[in-house]
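Fold and contact review
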Amino acid sequence: MHIKKFRLRTMDCIFLLLSLMLCFGPHFIFPPCGPKSDGTWMNCHWAEQTVIGLGIVLTVLAAVRLLFADARIKAGISIAAVPVSIVTACVPGTLVPLCMMTTMRCHTVMRPAVILIAGTIAVLQAVDAVILIKKTARPSP
């Protein structure tokens, strides 16, 4: 019994860390292109800002997951996080266009990192939700 609780806590921490990477990564670890010479921003800056905003939403969901021990609540939060993480993965280059040159930093560094992290969150949350739902399912009489 304690092993399953430890697994759930480990998954909670993994979700929190990946979500925090979406909050801070686009600005510090895998930033897009900088400002233009006239001080204005390219589209990739707005993609970065959108990813950070959605990363904050995912971080709040992950932090709330840590507060609850009930598997049904955790499953509900996981279900809510799946579409948010899918939308986050679609932001750079799909929902928000990036620079025209595909050799720019936003295409080569930021976009793959965001897709990888957000996709990982979506898959792990979906799998975790299924596991938690099966765990809490009651046999029908």
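Before reading further, recall that the structure is shown in the block above.
Structural notes, computed from the coordinates. Not measured: the values here are computed from a predicted model.

1. Regarding the packing of helix α3 (residues 71-90) against helix α4 (residues 105-136)
At their nearest, the axes of α3 and α4 sit 8 Å apart, and the two run at 155 degrees to each other. Our classification of the angle between α3 and α4 gives roughly antiparallel. As α3 packs across α4, the resulting crossing turns out to be left-handed. Here the residues of the contact of α3 with α4 are counted per class, giving 16 nonpolar, six polar and four charged.

2. Re the nonpolar core
The biggest cluster of nonpolar side chains holds 23 residues, and the ones touching the most others in it are Leu22, Cys106 and Met110. The set of elements that each furnish at least two residues to this core consists of α1 (2-29), α2 (43-67), α3 and α4. Take this core: its biggest share by element is seven residues, from α4. With sequence-adjacent residues up to four places away left out, cysteine 106 is seen in contact with Pro32, Cys33, Cys44, Leu98, Cys99 and Arg111.

3. Points about the packing of α2 against α3
Across the interface, α2 lies against α3 with an axial gap of 10 Å and an inter-helix angle of 170 degrees. In this view, α2 runs roughly antiparallel relative to α3, as classed from their interaxial angle. From α2, Val51, Leu54, Val57, Leu58, Leu61, Val64 and Arg65 reach across to α3, where they touch Lys74, Ile77, Ser78, Ala80, Ala81, Val84, Ser85, Val87 and Thr88. A per-class count over the contact of α2 with α3 returns eleven nonpolar, three polar and two charged.

Analysis parameters
Residues numbered from 1 in each chain as written. Predicted model: local features only at pLDDT ≥ 70, side-chain atom pairs only at ≥ 80, totals over all residues. Heavy atoms only, no water. Axes fitted to C-alpha atoms, helices over the stretch in contact; angles between N-to-C directions. Helix = DSSP H or I, 4+ residues; strand = E, 2+ residues; numbered from the N terminus. Parallel < 35°, antiparallel > 145°, perpendicular 65-115°, else oblique. Left-handed = near helix turned anticlockwise from the far one by under 90°. Nonpolar A, V, L, I, M, F, W, Y, C, P; charged D, E, K, R; others polar. Core = buried A, V, L, I, M, F, W, Y, C linked by side-chain atoms within 4.5 Å. Buried < 20%, exposed > 50% of the residue type's maximum accessible area, 1.4 Å probe, protein only. Contact = heavy atoms within 4.5 Å.

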